[in-house]
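Listed here are the chains, written in short residue letters.
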Amino acid sequence: KPELFLFVPSEEPKKYRLEPPHTVKRVRAFLRKFEKGTLEQFYKSAPVEDGWDSQPVKEITASQWNDFTDMGKHVVVKVYAPWCSHCKELEPKYKKAAEYFERFFPDQVVLAQLDGTRNEVPNLEIGGYPTVLVLTSGQREEPEQLSEQELVSSDEIITGVKDLLKLEVPWTGKRTDL
């Protein structure tokens, strides 16, 4: 199906989309809304997959961003590209970190991933792949970012997240390593 977009180049480029059908009347109304400044920007979002939350690493989309970051937990999000070799290398380490947080901080921290090639989140700037963002509970914008050094192993990811969120494992009297 053909799609109709209006792109506005600037320091912060904007993109608008006209949903079909693309009739002359609808195009005129679309342009009038643009001129008045009442047109909403378009951000792409992949469809929500069945089972998106069934694994330790939740596979979220842009359309879920606000609800996911408002769930009352700290959120760690890996933004990746499916073709990125560094992202593929990070995957097992990130999964192991997710298993750790699911086991020891299930009510406090959740790890997710977002395909940056199929999703755009307003006010979220990604400089490259992979990028791991840490948002404190209720935060949607201006997240902290884990450094490359904090992505070398699952232990470094865990330590980096715990340091940013100031988390401590509660003592249970039992050995807690995985």
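Just above, that's the structure.
To keep things clear, this report deals only with the structure shown in the data block. (Residues numbered from 1 in each chain as written. Predicted model: local features only at pLDDT ≥ 70, side-chain atom pairs only at ≥ 80, totals over all residues. Heavy atoms only, no water.)

Examining the pattern of salt bridges
Argument step 1. One pass over the structure, following the stated rule, counts five salt bridges.
Argument step 2. Linking Lys58 and Glu102 is a salt bridge whose minimum nitrogen-to-oxygen distance equals 3.5 Å. Of this pair, Lys58 sits in strand β3 (residues 57-60) while Glu102 is found in helix α3 (residues 85-104), placing the two residues 44 residues apart along the sequence.
Argument step 3. Looking at Lys58, the relative accessible area reads 11%, which means it is buried.
Argument step 4. Two residues, Lys93 and Glu89, come together in a salt bridge whose shortest N-O distance is 3.7 Å. On the criterion of helical spacing, the pair formed by Lys93 and Glu89 is a turn pair, its members being four residues apart in helix α3. (Salt bridge = Lys/Arg side-chain N within 4 Å of Asp/Glu carboxyl O. Helix = DSSP H or I, 4+ residues; strand = E, 2+ residues; numbered from the N terminus. Buried < 20%, exposed > 50% of the residue type's maximum accessible area, 1.4 Å probe, protein only.)

Describing unusual backbone geometry
Argument step 1. The omega torsion across Pro20 and Pro21 is 5°, close enough to zero to call that bond cis.
Argument step 2. Along the polypeptide, Pro21 turns up in the loop between β2 (14-18) and α1 (24-36).
Argument step 3. A cis geometry characterises the amide bond from Tyr129 onward to Pro130, with omega recorded as -10°.
Argument step 4. Structurally, the position occupied by Pro130 is in the loop between β5 (109-115) and β6 (131-135).
Argument step 5. In this model, Asn123 sits at a positive phi of 65°, which is unusual for a non-glycine residue.
Argument step 6. The topology assignment puts Asn123 in the loop between β5 and β6.
Argument step 7. For Lys166, which is not glycine, the phi dihedral falls at a positive 55°.
Argument step 8. In this structure, Lys166 sits in the segment after α4 (154-165).

Topic: the packing of α3 against α4
Argument step 1. Relative to each other, α3 and α4 sit at 50°, their axes nearing to 8 Å. The angle between α3 and α4 places the two elements in the oblique class. The crossing of α3 and α4 is right-handed. Where α3 approaches α4, its residues Leu90, Lys93, Tyr94, Lys96, Ala97, Tyr100 and Phe101 are matched on the opposing element by Ser154, Ile157, Ile158, Val161 and Lys162.
Argument step 2. Across the contact of α3 with α4, the residue classes break down as eight nonpolar, one polar and three charged. (Axes fitted to C-alpha atoms, helices over the stretch in contact; angles between N-to-C directions. Parallel < 35°, antiparallel > 145°, perpendicular 65-115°, else oblique. Left-handed = near helix turned anticlockwise from the far one by under 90°. Contact = heavy atoms within 4.5 Å. Nonpolar A, V, L, I, M, F, W, Y, C, P; charged D, E, K, R; others polar.)

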